[in-house]
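Coordinate analysis (summary)
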Amino acid sequence: MYIESALNVQVANWSVLYTKLHNFHWYVKGPLFFTLHPKFEELYNEASTVVDDFAERILAIGGKPVASFEAFRKIATIEEAKSGLTAEEMVSTLISDYKQMVNELNKLIKLADDEKDYGTADMATTLVESVEKTVWMLSALVSVPVAH
């Protein structure tokens, strides 16, 4: 089932992102600390909700969500956090990750529409709006162009 596979990529990506955001939350240093420390916490809480929502959608359509770090690493299209990044590098990494997820969410929307799975399409569409806003806000923080 193509939709189940595409949804599982989302579960994997958001699970990797959740862990990456915790890493960044714990290790951010410098003048952006007081801005980024709570922002990273907000973002990892959001990622946790997204993982749960997509996993439950997979179950609702009769599929099986991936549920192990090994499975996440095999199918995720974003990478785990690298150590020793500056605050600005952390933000730039997240901008790239979120842009990647927007691209994949847009593919999921098209796939879901083609298969008349409007529930999945609606979930992904709503999330795209939120992720694009996150890209814009993070880009404004480090003056990175927002273009996709």
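What counts as what
- Counting restarts for each chain, with residues numbered from 1 along the sequence as it is written.
- With pLDDT at 70 or above as the cut-off, local features in this predicted model cover only qualifying residues; side-chain atom pairs require 80 or more to be listed or tallied, and sums for whole chains, interfaces and linings still use all residues.
- Side-chain metrics in this entry use all non-hydrogen atoms of the structure; hydrogen atoms and water are not considered.
- Whenever Lys or Arg places a side-chain nitrogen within 4 Å of a carboxyl oxygen from Asp or Glu, that contact is recorded as a salt bridge.
- Helix numbers and strand numbers start at the N terminus; a helix is a DSSP run of H or I with at least 4 residues, a strand a run of E with at least 2.
- The rule is simple: take the accessible area with a 1.4 Å probe, protein chains only, and divide by the maximum for that residue type; under 20% is buried, over 50% is exposed, in between is partly exposed.
- What we call a nonpolar core is a set of buried Ala, Val, Leu, Ile, Met, Phe, Trp, Tyr and Cys residues that are connected through their side-chain atoms within 4.5 Å.
- For this analysis, residues touch if any pair of their heavy atoms sits within 4.5 Å.
- The span you would expect from a helix comes to 1.5 Å times its residue count less one.
- Working definition: a ring pair exists when centres of Phe, Tyr or Trp rings (six-membered ring for Trp) sit within 6.5 Å. Plane angles under 30 degrees give stacked, over 60 give edge-to-face, the rest tilted.

Before going further, it helps to examine the pattern of salt bridges. Going through the model one piece at a time under the given rule, you end up with 6 salt bridges. Lys110 is the salt-bridge partner of Asp114, the closest N and O atoms lying 3.1 Å from each other. Note that Asp114 and Lys110 are positioned in helix H4 (residues 87-114) at a spacing of 4 residues, about one turn of the helix. In this structure, Asp114 and Lys110 share a single accessibility class: exposed.

On to the nonpolar core. Core analysis: the largest hydrophobic core is formed by 45 residues, its most contacted members being Trp14, Leu21, Phe54 and Tyr98. Listing elements by their share of this core, those giving two or more residues are helix H1 (2-27), helix H2 (33-60), H4 and helix H5 (118-142). What Phe54 contacts, discounting residues up to four positions off in sequence, is Leu7, Gln10, Val11, Trp14, Leu105, Leu108, Met123 and Leu127.

What follows is about the environment of Trp14. Positionally, Trp14 belongs in helix H1. As a C-alpha pair, Trp14 and Val102 span 88 residues in sequence and 12 Å in three-dimensional space. Once you skip the residues sitting within four places of it in the chain, Trp14 turns out to touch Ala47, Val50, Val51, Phe54, Tyr98, Met101, Leu127 and Val131.

Another point: H4. Here H4 spans 41 Å end to end across 28 residues, near enough to the 40 Å set by a 1.5 Å rise per residue. One or two residues past the end of H4 sits Lys116, with phi positive at roughly 60°.

Let us now look at the environment of Arg57. Position of Arg57 among the secondary structure elements: in helix H2. For the pair Arg57 and Leu7, spaced 50 residues apart in the sequence, the C-alpha separation amounts to 8.2 Å. If near-sequence neighbours (up to four positions away) are discounted, Arg57 is found in contact with Leu7, Asp117, Gly119, Thr120 and Met123.

Our focus in this paragraph is the packing of aromatic side chains. Applying the stated criterion across every chain, the model contains 5 aromatic pairs. On the numbers, 5.8 Å between centres and 50° between planes, the contact of Phe24 with Phe40 is tilted. Here the residue Phe24 occupies a position in helix H1, and Phe40 occupies one in helix H2, the gap between them amounting to 16 residues.

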